[in-house]
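An overview of the molecular structure
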Amino acid sequence: MRYRATREYRAGQPIKVSFDLQVNSMRNPFHHWIRIAIFALALVGAFSAEARHLAAQNSATTDPISPPGRRTYMGRTIAPTMGAAGAGWLIRETREEEERPSEVIRQLNLKPGMVVCDLGCGNGFYTLKMAELVAPGGKVLAVDIQPEMLHLLQLRCQEAGIDNVEPIQSTVTDPKLPPNSVDLVLLVDVYHEFSHPVQMLRGIRESLRPDGVVALLEYRAEDPTVPIRPLHKMSKRQILKEYHANGFRLVRQYDGLPWQHLMFFARDPDWHPPQFSSGDDE
Ligand SMILES: C[S@@+](CC[C@H](N)C(=O)[O-])C[C@H]1O[C@@H](n2cnc3c(N)ncnc32)[C@H](O)[C@@H]1O
């Protein structure tokens, strides 16, 4: 007899826990009842362990007074957060061939001494590559809402002997970055998952040094041959709409990647936050 627990996430929050029971041979009725009793005890234990885990994760990923997450933003449906169970996919061998991350890294123009941020770092596919290029003297602030992802990242850094990565456990409304201190914030396949894009973009804006930039990578919604579900893609038009509305201006773009847009944004000095908000989709 075995049981399996699975969790589903929305906007970084665990929303559903399912338990599957698999019962094998039960020929002896006495053994049958003993097994049922053992299973009941295990289930109670598992539920309380799971409840403790979810409570810990909720308090870690939300602010005490955070507004509810959006389902849509400026006409776009927000995607659910990718859970840590999918971390293996992020470091798959075929990623270089499919997405050409080595070209992305070249386009970032990283230099020793820079302070950079990998926001929504997952298990650190990009973090580790960036860490080597900003050494000596520089560091990577590796930010994620999921403690499991940060744990996997730390294991990978230890294995690679990398010591200039600072893991930061953030929340869905606050990247927890120090103000006015980051040269480049990299966002790879994460912006479309932000349940609170306005608050996150505000935190990112405030973290940038005056000449700091955001490097945004999103799968191209305009291209039906990119083999990613539409919910996890964005068009340039939509990206520009959302970034302009939140105080960023496009400073550069690179169109040579196989699947993704790569767009660079800087703070727009002429922008002022809107005084009034008239609804959820504003
Ligand atoms: C699809 S994965 C991409 C990971 C990594 N950027 C990469 O390309 O390998 C998205 C990651 O962003 C994280 N994430 C989602 N919303 C976030 C938020 N508001 N702040 C920080 N991390 C977030 C998720 O926990 C997940 O680890």
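Attention here is on the structure that accompanies the text. Keep in mind that what you see is a predicted model, and the values were worked out from it rather than measured.

Turning next to the overall build of the protein chain. For the protein chain, the helix and strand inventory stands at eight helices and twelve strands. Across the 282 residues of the protein chain, 33% fall into the buried class. Within the protein chain, contacts between residues separated by at least 24 positions form 70% of all contacts whose residues are at least 6 apart in sequence.

With that settled, consider the site of the ligand. Close to the ligand lie 23 residues, the nearest being Leu90, Gly120, Gly122, Phe125 and Val188. Where the shell around the ligand is concerned, the elements lending two or more residues are α5 (125-134) and β6 (139-144). Residue composition of the shell around the ligand, grouped by class: 14 nonpolar, six polar and three charged.

Before going further, it helps to spend a moment on the pairing of strand β7 (residues 165-169). Note that β6 and β7 share five bridges and pair parallel. By the bridge assignment for β7, Leu141 is matched with Glu166. Running through helix α6 (residues 147-160), the crossover from β6 to the neighbouring parallel element β7 is right-handed.

In this fold, Met74 is placed in the loop between β3 (72-73) and β4 (76-77). C-alpha of Met74 to C-alpha of Lys241: the two residues are 167 residues apart in sequence and 8.0 Å apart in space.

Further remarks concern the environment of Val143. Here Val143 shows up in strand β6. Spatially, the C-alpha atom of Val143 lies 5.6 Å from that of Gly120, the residues being 23 residues apart in sequence. Ignoring sequence-local partners within four residues, the contact set of Val143 consists of Cys117, Asp118, Leu119, Gly120, Cys121, Ile168, Ser170, Pro175, Lys176 and Leu177.

Looking along a regular strand, one sees side chains alternate from face to face of the sheet. Counting buried residues in strand β8 (residues 182-188) gives six out of seven residues, a clear majority hidden from the surface. The pairing of strand β5 (residues 115-119) with β8 spans four bridges and is parallel. In the strand pairing of β8, Val116 is matched with Leu184. Bridge analysis of β8 against strand β9 (residues 208-220) gives six bridges, and the strand direction is parallel. In the strand pairing of β9, Leu184 is matched with Val213.

Cut-offs and rules
Residues numbered from 1 in each chain as written. Predicted model: local features only at pLDDT ≥ 70, side-chain atom pairs only at ≥ 80, totals over all residues. Helix = DSSP H or I, 4+ residues; strand = E, 2+ residues; numbered from the N terminus. Buried ≥ 20, exposed ≤ 12 C-beta atoms within 10 Å, placed from the backbone. Contact = placed C-beta atoms within 7 Å. Near = placed C-beta within 6 Å. Nonpolar A, V, L, I, M, F, W, Y, C, P; charged D, E, K, R; others polar. Pairing = 2+ DSSP bridges. Right-handed = clockwise from strand over helix to strand, strands pointing away.

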